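Close look at the chain arrangement
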Amino acid sequence: MTQHSRDLSRRRLLFGGAAVGAGVLLAGCTSNEASPTEAQTKAAAPGGNAEPGQRVVIGFSAPAADHGWIAAITNNAKAQAAAYSDVEFKIVEAGADAAAQRAALGTLISQKPNVIVLLPHDGKELNAFGLEAMKAGIPVVNLDRAFPDAKAYRLQIKGDNYGMGVAAATYMIEQFKAKGVSNPIIGEIAGMDELELTQERSKGFTDTLAQAGFKVANRRAARFTADSGQQEAAQLLQALPKMDALWNHDDDQGIGVVAAVNQANRKEFFMVGGAGSKKAMEDIQADNTVLKATVTYSPSMASSAIALARLIGQNKGMSDLVELQVPKEIVLASETITKENVSNYLKLGF
Amino acid sequence: MSDTSPTATPERAAQLPAQSPPVDPAETAAASEKTTHGGATAGRLSWWSGDSGEGAKRNLGLIGVLLVLIAIGALTRSDLYSNPDWVWDNVLSILKLASVVGVVTVGMTFVIIGGGIDLSVGAIVALAGVWCTTLATQSYGAGGMIFSALTVGLAVGLVNGLLISYGRLVPFIATLAMLVAARGLAAEISDKQTQVSDNQFINGIASNSLLGIPLLVYILAAVVAAGWVLLNRTTFGRRTVAVGGNPEAARLAGINVKRHSVLLYALSGLCCGIAAIMLTAQATSAQAAMANLYELDAIAAAIIGGTLLSGGRGTIIGSLLGVIIFSTITNLFAINGLSTEAQNMVKGGIIVAAVLVQQVQFRSLTQFLGRNRLTT
């Protein structure tokens, strides 16, 4: 019996020791220290609008990020605000859905910011908040997801989803012309299909292809994650044993799409990405994968939104324009990044 | 449908090794071992049927469904199916698609047979995947990555099990909490970014083949084989069925029900750790949002594979067939260029149909048909 219990305690000691050891080892493994990606800020040049002026309190809210693009939005906004000595930056976590964001914004208003910069979960659901804040005299800068009501925002700055599709299709059509492909087989890996932005991207893509007389042979919708991108791409490649071009809506999920292409040993087509992540740009520069171009939807718009919010707070206009005030709407153009111009864009990759 | 109700269906009661008067658990298990082997000599049960004729018929039905799906594919895309090389490639691509969820489903099948449920599997895969692709872990090489994924999976599973067994939380709530918490921790560790794996050995798991068959398929086969042996040929497996079928009877028979439940959740966590390595290899990256809704895929596969959601019955092979049926549907819709929405509706329909079919007991159906002279 004593022999038995000693055995047991020794076994326990061994197990316990192993568990503690594994725990210590693992805890050491959560570090992710690397050279941080440089945030996309605009350095303050001397003179003009960049001169420190009246103090501005900017309130900021964006959804809790679950992928790279939204994370980059928040990081850029923070970094841009830090670049100004006259800006006080107040950030509230927007939580997981529109209701949580509305609650968080309530606490933000009570802190009396001069301007609010807001990336809503859903523009329609937070329209009422925009109206309320504007009525209370706080200008609202809507970032990327539009409010339906024009009175709900002072400035709207957003990317061009339809334009992304147009840019991707235009690049493909040029390539087909250059290579003399008259009847190309085109694949498309979309993002989350229930989002309006995905539908706009696809519409821009198919509309532009249709003008050239081409159509999409097969389209699969992934979920903006690398693993879903890999799975959908693997099935798409199976469906199209020969393909000429592939457009993938999002570079984050593109990591998985490129992986699936490599796993299937396919090289006969070229691929166009979307959004403009750092990894995609590096792949384009290295030119050793099927990824030959990407069309931008840059989170640098968050930096611009903070810069413009500051000008609105200080009652100034954009110095390059004649107008004395900041315009009401700014839509970023979707640019096409290829091997030729990638070096200019690398600093904007996220 | 309480598990402790004295009016348990005879079918389920028959599955219990503890039907004989309570004896030493080891002896009970040994006895049930003997009955399994005895059955094998008497009726020579097929290798894939486990130990019940019901399961065999169910699996035959699933294979039928699979053949129908493949036939639909061959009819609608006869141009592709006429090329034997493509067909072989396609079979492998279906199996590769099934591999990750398949491994998760093996663990899930054990948990469900044992009378529980694990909603946190997708989150555990994400957490283990993120944990093993941090730059610090990657610096230890492939061994360090595999070790951390497996350990994280196992540890989270253990926490689940301890909360359920000794904290007396309902499995649904405990694992739901873990689902939220593990994804939160994964997002915290990864800083919401996609972490790219630069390790060629890990990435090679998804791209390399041995004798023309992808490594992922070997891993799936190994896990399924190990799961089958564990469920059908060991004391652990017999106890799992006993605990799930009637926990009170199992306790009276001398089985440590609480400790057994902890082990079941730990097993499920370990499977998630293995799946995390496979998924990371496939996507060459990991992020907090990966393995989205895998818990539902795994539960659905186990259910259509004939596992009883209230526990006490289920087969590993049935679950595997369930996973393969789902990935065949995905493949079928992809090669026909149909939308994901339609595919999800069909998946939903198949789950409902499978459960409906299960409610019609095969035995009573045959009796019914016999009574009405519909069969000879």
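Attention now moves to the interface of chain B and chain A. Across the contact, 40 residues belong to chain B and 38 residues belong to chain A. Ranked by residue count, the leading element in the side of chain B that touches chain A is helix H5 (residues 84-113) of chain B, at 5 residues. Looking at the side of chain B that touches chain A, its residues break down into 19 nonpolar, 18 polar and 3 charged.

What follows is about the pairing of strand E10 (residues 291-296) of chain A. All names here are of chain A. Of all 6 residues in E10, 5 are buried; the element is thus mostly enclosed. Bridge analysis of strand E9 (residues 270-275) against E10 gives 5 bridges, and the strand direction is parallel. Within E10, the residue paired with valine 272 across the bridge is alanine 293. For the crossover that starts at E9, traverses helix H9 (residues 278-286) and ends in the parallel E10, the hand is right-handed. Where E10 and strand E12 (residues 336-338) come together, 3 bridges link them in antiparallel fashion. Opposite threonine 294, over in E12, you have isoleucine 337 as the bridge partner.

Residues and elements named next belong to chain A. Taken in spatial order, the 6 strands of this open sheet run E2-E1-E3-E4-E5-E11, and their pairing is parallel. The open sheet has two edge strands with one neighbour each: strand E2 (87-93) and strand E11 (329-331). In this sheet, neighbouring strand axes are inclined to one another by 15° on average, regardless of whether the strands run parallel or antiparallel. In this structure, strand E1 (residues 56-62) lies alongside strand E3 (residues 115-118), joined through 4 bridges in parallel fashion. Its bridge partner lying in E3, isoleucine 58 is registered against valine 115. Its contacts with the sheet put helix H2 (residues 68-83) on E1, E2 and E3, and the angle it makes with E1 is roughly 170°. Sitting on the sheet, helix H3 (residues 98-110) touches E1, E2 and E3, and the angle it makes with E2 is about 150°.

The next point concerns the packing of helix H5 (residues 161-179) of chain A against helix H6 (residues 196-211) of chain A. Residues and elements named next belong to chain A. Between H5 and H6, the least distance of the axes is 7 Å, while the angle of their chain directions is 35°. In this structure, H5 meets H6 at a crossing whose hand is right-handed. Together, Asn161, Tyr162, Gly163, Met164, Gly165, Val166, Ala168, Ala169 and Thr170 of H5 and Leu197, Glu200, Arg201, Ser202, Lys203, Gly204, Phe205, Thr208 and Leu209 of H6 make up the contact between the two elements. Looking at the contact of H5 with H6, its residues break down into 8 nonpolar, 7 polar and 3 charged.

Another aspect to go through is the sheet that holds strand E7 (residues 216-221) of chain A. Residue and element names in this part refer to chain A. Strands sit in the order E7-E6-E8-E9-E10-E12 across an open sheet of 6 strands; the sheet is mixed. The open sheet terminates on both sides in strands that have one partner only, identified here as E7 and E12. Between one strand axis and the next, the sheet turns through 20° on average, direction left out of account. Contacts from helix H8 (residues 251-263) reach strand E6 (186-190), strand E8 (245-248), E9 and E10, with the element oriented near 155° to E9.

Cut-off values and rules
- Here, residues in each chain are numbered from 1, in the same order as that chain's written sequence.
- Chain labels run from A onward and ligand labels from 1 onward, assigned in the order the entries are written.
- In view of the model being predicted, local features appear only for residues whose pLDDT reaches at least 70, and side-chain atom pairs are presented and counted only at 80 or more, with totals across whole chains, interfaces and linings using the full set of residues.
- What counts as a contact here is a pair of residues whose C-beta atoms, placed from the backbone, lie within 7 Å.
- Strands are runs of DSSP state E lasting at least two residues, helices are runs of H or I lasting at least four, and both sets are numbered from the N terminus onward.
- Only Asp, Glu, Lys and Arg are considered charged, only Ala, Val, Leu, Ile, Met, Phe, Trp, Tyr, Cys and Pro nonpolar, and every remaining residue, Gly among them, polar.
- Exposure classes come from backbone-placed C-beta atoms, where a residue is buried if 20 or more other C-beta atoms lie within 10 Å of its own, exposed if 12 or fewer do, and partly exposed in between.
- Here, any two strands with at least 2 DSSP bridges between them count as paired.
- Clockwise travel from the first strand over the helix to the second, with the strands pointing away from the viewer, marks a crossover as right-handed.
- Only the stretch in contact is used when fitting a helix axis, every axis being a line fitted to C-alpha atoms; angles between N-to-C directions are given from 0 to 180 degrees.
- Crossings are classed by handedness, with left-handed meaning an anticlockwise turn of the near helix from the far one by less than a right angle and right-handed meaning a clockwise turn.

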